[in-house]
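# Structural overview for review
Spelled out, the chains give:
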Amino acid sequence: RKEVEQDPGPFNVPEGATVAFNCTYSNSASQSFFWYRQDCRKEPKLLMSVYSSGNEDGRFTAQLNRASQYISLLIRDSKLSDSATYLCVVNLRSNYKLTFGKGTLLTVNP
Amino acid sequence: GAGVSQSPSNKVTEKGKDVELRCDPISGHTALYWYRQRLGQGLEFLIYFQGNSAPDKSGLPSDRFSAERTGESVSTLTIQRTQQEDSAVYLCASSPPPRGASTGELFFGEGSRLTVL
């Protein structure tokens, strides 16, 4: 099993659609989970942290399932500006090292 | 500024030359990472520093690559005898000290774009 695994996509959705990404991780002891966003030719930036109870930020909802070792990101009412690569990030080791998935490319079409 | 700073932002070099890339992390951040990103590809982990612990060098692709960090401040990534396949954006990121078992957010610099002719 890969350490952090994401569906690479690409996901092509129309404006207004709801889209969901999943990410699985290998270490059941992981404690920190994030979703990052990377625009074309830009550096990754934090989109949101993922908390055990799940959390929401506007149109974005993140959830954690420890039993199945996956996290998810739901985007409602997609906008053109949501087009980007979404990266799942998990700390896998006792040395606190954060590991990135390969990312999922989302394109929102008019 | 208060963010992660990288220099140079762009570097063009000839095959076989050595290059040095610099990263100034956010003050107080104990963790520092280097990544490589080729055009259209994902992030490729290179090396991880955490405080005074031994660095995790498991991502360095060959012995031509090395990195140093002075305490919890500046880091330099050195690529010796550059090859065309080294052309990429080299990204540095830092994060604050861990709290318990949790790791803080990563903050990225804008990257150093390396082109090897």
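The sections below set out a description of the structure shown in this document. (Residues numbered from 1 in each chain as written. Chains lettered and ligands numbered in written order. Predicted model: local features only at pLDDT ≥ 70, side-chain atom pairs only at ≥ 80, totals over all residues. Heavy atoms only, no water.)

## What about the pattern of salt bridges?
The condition that has to hold: Criterion for a salt bridge: a side-chain nitrogen of Lys or Arg within 4 Å of a carboxyl oxygen of Asp or Glu. Each helix is a run of DSSP H or I of at least 4 residues and each strand a run of E of at least 2, with the numbering of both proceeding from the N terminus. Partly exposed describes any residue whose relative accessible area lies between the buried limit of under 20% and the exposed limit of over 50%, with all areas from a 1.4 Å probe on protein chains only and scaled to the type maximum.
Enumeration according to the criterion identifies nine salt bridges over all chains in this entry. Put simply, A:Lys79 and A:Asp77 hold a salt bridge, and the shortest N to O gap is 2.9 Å. One salt bridge connects B:Asp86 with B:Arg64, and the closest N-O pair in it is separated by 2.8 Å. Residue B:Asp86 is found in the loop between strand E7 (75–79) and strand E8 (88–95), and its partner B:Arg64 is found in the loop between strand E5 (44–50) and strand E6 (65–69); the two are separated by 22 residues along the sequence. Comparing B:Asp86 with B:Arg64, the two get one shared label, buried.

## Comments concerning the interface of chain A and chain B
Much of the literature gives interface size as the accessible area that the parts lose upon coming together. Keep this limit in mind: We call two residues contacting when some pair of their heavy atoms lies within 4.5 Å. What gets called buried area is simply the loss in accessible area from a 1.4 Å probe that two parts show on being joined, summed for both. In protein, a polar contact means a hydrogen-donor-capable atom and an acceptor-capable atom, both N or O and within 3.5 Å, with residues adjacent in sequence counting only if both atoms are side-chain atoms; elsewhere, any N or O pair within 3.5 Å suffices. Residue classes follow a fixed rule: Ala, Val, Leu, Ile, Met, Phe, Trp, Tyr, Cys and Pro count as nonpolar, while Asp, Glu, Lys and Arg count as charged, and any other residue, Gly among them, counts as polar.
Facing the 17 residues of chain A at the interface are 24 residues of chain B. Here chain A and chain B share an interface that buries about 1,700 Å² over both sides, 56% of which is from carbon and sulfur atoms. For the pair chain A and chain B, the number of links is one salt bridge. Between B:Asp56 and A:Lys97 there is a salt bridge; the shortest N-O distance is 3.1 Å. One can count four residue pairs in polar contact (both at pLDDT 80 or more) joining chain A with chain B. Put simply, the parts of the chain that give the side of chain A that touches chain B at least two residues each are strand E4 (33–38), strand E9 (84–91) and strand E10 (98–100) of chain A. Element by element, the count of residues in the side of chain A that touches chain B is highest for E4(A), at three residues. Within the side of chain A that touches chain B, the residues separate by chemical class into eight nonpolar, five polar and four charged.

## With respect to the packing of aromatic side chains
To keep things clear, this is the line we draw: Working definition: a ring pair exists when centres of Phe, Tyr or Trp rings (six-membered ring for Trp) sit within 6.5 Å. Plane angles under 30 degrees give stacked, over 60 give edge-to-face, the rest tilted. Both a distance and an angle decide whether a charge sits over a ring: NZ of Lys or CZ of Arg must be within 6 Å of the ring centre and within 35 degrees of the ring normal.
Overall, the coordinates contain twelve aromatic pairs over all chains when judged by the stated rule. Measuring from ring centre to ring centre gives 6.3 Å for A:Phe34 and A:Tyr36, while their planes differ by 70°; the resulting arrangement is edge-to-face. Accessibility expressed as a relative area gives 5% for A:Phe34, which makes it buried. Judged by its relative accessible area of 0%, A:Tyr36 is buried. Taken together, A:Phe34, A:Tyr36, A:Phe100, B:Tyr33, B:Tyr35, B:Phe45, B:Tyr48 and B:Phe108 form an aromatic cluster joined through their ring pairs. When the ring centre of B:Phe45 is taken as origin, the NZ or CZ atom of A:Lys97, which lies over that ring, is 3.7 Å away.

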